[in-house]
Amino acid sequence: MAFPTRSRGLRKITVNDTVFRWRLGTKESNSVLTIYGSSSGMPLRLTLLGWQDLWVMFPFYTPQSISSDFVRQAIEFGLQNGWKPDARGAAFEVEWRDEEFRLPAQTTK
């Protein structure tokens, strides 16, 4: 699937001369950050445990934000742990829990 010239909701970030696109999907309990390398490659899906949609939880929730530095760190973590953005396949799953990136099978230290 090729990205349209103007992909709605996708933001660009360049890491090590490679262009990635990303999107944040907020939910009531956990949010999901999806990062794409090439148009037909394997996405990285980062589940943000405990991140909630601000408007659902307003005014009882302190907003959190996703910065480009956070997205860059997620990309680097994925690449160091086996994510192959140009390979075809199911999404590479990563979790953000206790202020760190983890593969879903990893347990708490």
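None of the values given here were measured: they were computed from a predicted structure.

## Focus: the pattern of salt bridges
Enumeration according to the criterion identifies 4 salt bridges in this entry. A salt bridge links R45 to E93, with the shortest nitrogen-to-oxygen separation between them at 2.8 Å. Remark: E93 occurs in strand 5 (residues 92-97) and R45 occurs in strand 4 (residues 44-48); sequence separation between them is 48 residues. Its salt-bridge partner being R102, residue D98 comes within 3.6 Å of it at the nearest N-O pair.

## Some details on the packing of aromatic side chains
A complete count under the given rule lists 5 aromatic pairs for this structure. A centroid spacing of 5.3 Å and a plane angle of 40 degrees characterise the contact between F70 and F101, whose relative ring orientation is tilted. Here F70 is found in helix 2 (residues 68-80), whereas its partner F101 is found in strand 6 (residues 100-102), with 31 residues between them in sequence. Considered together, F70 and F101 belong to a single accessibility category, that of buried residues. Counting every residue linked through ring pairs, the aromatic cluster contains F70, F77, W96 and F101.

## Points about the confidence of the model for the chain
Overall, the predicted model of the chain reaches an average pLDDT of 81, with 74% of residues at or above 70. Across the chain, element-level confidence peaks in helix 2 with a mean pLDDT of 95 and bottoms out in helix 1 (residues 54-57) with 47. Confidence drops under a pLDDT of 50 for residues 55-63, and excluding neighbours within four residues, the segment shows 7 contacts in the predicted structure.

Conventions we followed
- Residues numbered from 1 in each chain as written.
- Predicted model: local features only at pLDDT ≥ 70, side-chain atom pairs only at ≥ 80, totals over all residues.
- Heavy atoms only, no water.
- Salt bridge = Lys/Arg side-chain N within 4 Å of Asp/Glu carboxyl O.
- Helix = DSSP H or I, 4+ residues; strand = E, 2+ residues; numbered from the N terminus.
- Phe/Tyr/Trp six-rings, centres within 6.5 Å; stacked < 30°, edge-to-face > 60°.
- Buried < 20%, exposed > 50% of the residue type's maximum accessible area, 1.4 Å probe, protein only.
- pLDDT = per-residue confidence, 0-100.
- Contact = heavy atoms within 4.5 Å.

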